[in-house]
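Reading the structure
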Amino acid sequence: MTRATRRAVPLVVEHIGALHTMEHDARAITAACVHTDDEGRIAYAGPAKDAPPVVDGARTISARGAAVLPGFIDAHTHLLWAGDRDAEFALRSRGASYQEIMAAGGGIRNTMRAVREADDDTLAQLLHGRLATMRARGVTTVEVKSGYGLSRAHELRSLEIVRRVHDEGPTDLVATCLAAHAIPPEHDGARARYVDEIVSEIVPEVAARGLAQFCDVFVEQGAFTVDDGRRILTAAKDHGLGVRVHAEQLSRSGGARLAAELGARAGTAAVESRARP
């Protein structure tokens, strides 16, 4: 996902105690500085004694001897959501399983209803707010999944909002289409029909419009089978999308083996189910 170039005030960060560039085998550079250009790109990062002259109009700030390092990357998030699941925490504390809550219409479907009811501006504001919290902790690049729309129209809308928030900046966003997150109520008892919709309608349009770089599937009991995942992700690869898999989160589903078979870029484990809405 690319962002239109904005003019920026050149920046000089000086008095850096330890500069970490993350190059292979690179050690921290002491007594360092960083210069950026008028497009916000790093023009120099290294020892202050070797730095080029400061350009006219540049803003200078002092790190006061602190360390400076690249922004953190969060490669798996479900940040675009509305509503809450407070009542479900009470159910979990009384022993209800994740599968039982999903079967009763809670879990992902609960958030789906809230996302469908929210307008575009509300969803964009929610996403901006969560990203601001992450930036305050040093995160500057974030993968954001759809997956709470669960229909062609709502999944495309979710990914359009991710692109809008990326374009508005300042966080860099990488979008993933997770239309195969759960079976929507419109397709109860007809999972194959929804898989057909994902393969023949959602994935091709997402790819054609450049709305996502990746496609993800939740391979799990009550969600999608290994065969479903293979079909969806093969279609995604055919349309030039990278693939990811939610695998082995609640059971030995075979999702991890599928991820390896298809060369997935990332997967998830059970621990992540506690951190997502």
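Preceding this section is the structure that the text describes.
We now turn to the structure provided with this report.

In this section: the packing of helix α7 (residues 226-238) against helix α8 (residues 255-262). Two elements in contact, α7 and α8, have axes separated by 10 Å at closest approach and are oriented at 25°. By the angle between their axes, α7 is roughly parallel relative to α8. For the pair α7 and α8, the sense of crossing is right-handed. Note on element contacts: α8 touches α7 through Gly255, Leu258, Glu261 and Leu262, opposite Val226, Gly229, Arg230, Leu233, Thr234 and Lys237.

Turning next to unusual backbone geometry. In this structure, the amide linkage connecting Gly169 to the following residue, Pro170, adopts the cis form with an omega of 0°. Relative to the helices and strands, Pro170 resides in the loop between α5 (152-168) and β8 (172-180). The backbone of Glu248 sits at a positive phi, close to 55°, despite the residue not being glycine. Along the chain, the position of Glu248 falls in the loop between β10 (242-246) and α8.

Let us look at the side chain of His166. With respect to the element layout, His166 can be found in helix α5. A relative accessible area of 2% places His166 in the buried class. Here Leu173 takes part through its backbone nitrogen, which lies 3.0 Å from a polar atom of the side chain of His166.

Another point: the pairing of β10. In terms of residue burial, β10 counts as a mostly covered element, since four of its five residues are buried. Two elements, strand β9 (residues 214-218) and β10, share five bridges in a ladder whose sense is parallel. What sits directly across from Phe218, in β10, is His246. Where the polypeptide runs from β9 across α7 and back to β10, its parallel neighbour, the crossover connection is right-handed.

Summed over the entire model, instances satisfying the criterion amount to one aromatic pair. Ring geometry for Tyr194 against Phe224: centres 6.3 Å apart, planes inclined by 40°, an arrangement best described as tilted. On the criterion of sequence distance, the pair formed by Tyr194 in helix α6 (residues 191-208) and Phe224 in the loop between β9 and α7 is long-range, its members being 30 residues apart. We classify Phe224 as buried; its relative accessible area is 1%. Sitting over the face of the ring of Trp81, Arg130 holds its NZ or CZ atom 3.8 Å from the ring centroid. The residue whose ring lies beneath Arg244 is Phe214, and the NZ or CZ to ring-centre distance is 4.1 Å.

Rules of the game
Residues numbered from 1 in each chain as written. Predicted model: local features only at pLDDT ≥ 70, side-chain atom pairs only at ≥ 80, totals over all residues. Heavy atoms only, no water. Axes fitted to C-alpha atoms, helices over the stretch in contact; angles between N-to-C directions. Helix = DSSP H or I, 4+ residues; strand = E, 2+ residues; numbered from the N terminus. Parallel < 35°, antiparallel > 145°, perpendicular 65-115°, else oblique. Left-handed = near helix turned anticlockwise from the far one by under 90°. Contact = heavy atoms within 4.5 Å. Buried < 20%, exposed > 50% of the residue type's maximum accessible area, 1.4 Å probe, protein only. Polar contact = N/O pair within 3.5 Å; in protein donor to acceptor, adjacent residues only side chain to side chain. Pairing = 2+ DSSP bridges. Right-handed = clockwise from strand over helix to strand, strands pointing away. Phe/Tyr/Trp six-rings, centres within 6.5 Å; stacked < 30°, edge-to-face > 60°. Lys NZ or Arg CZ within 6 Å of the ring centre and 35° of its normal.

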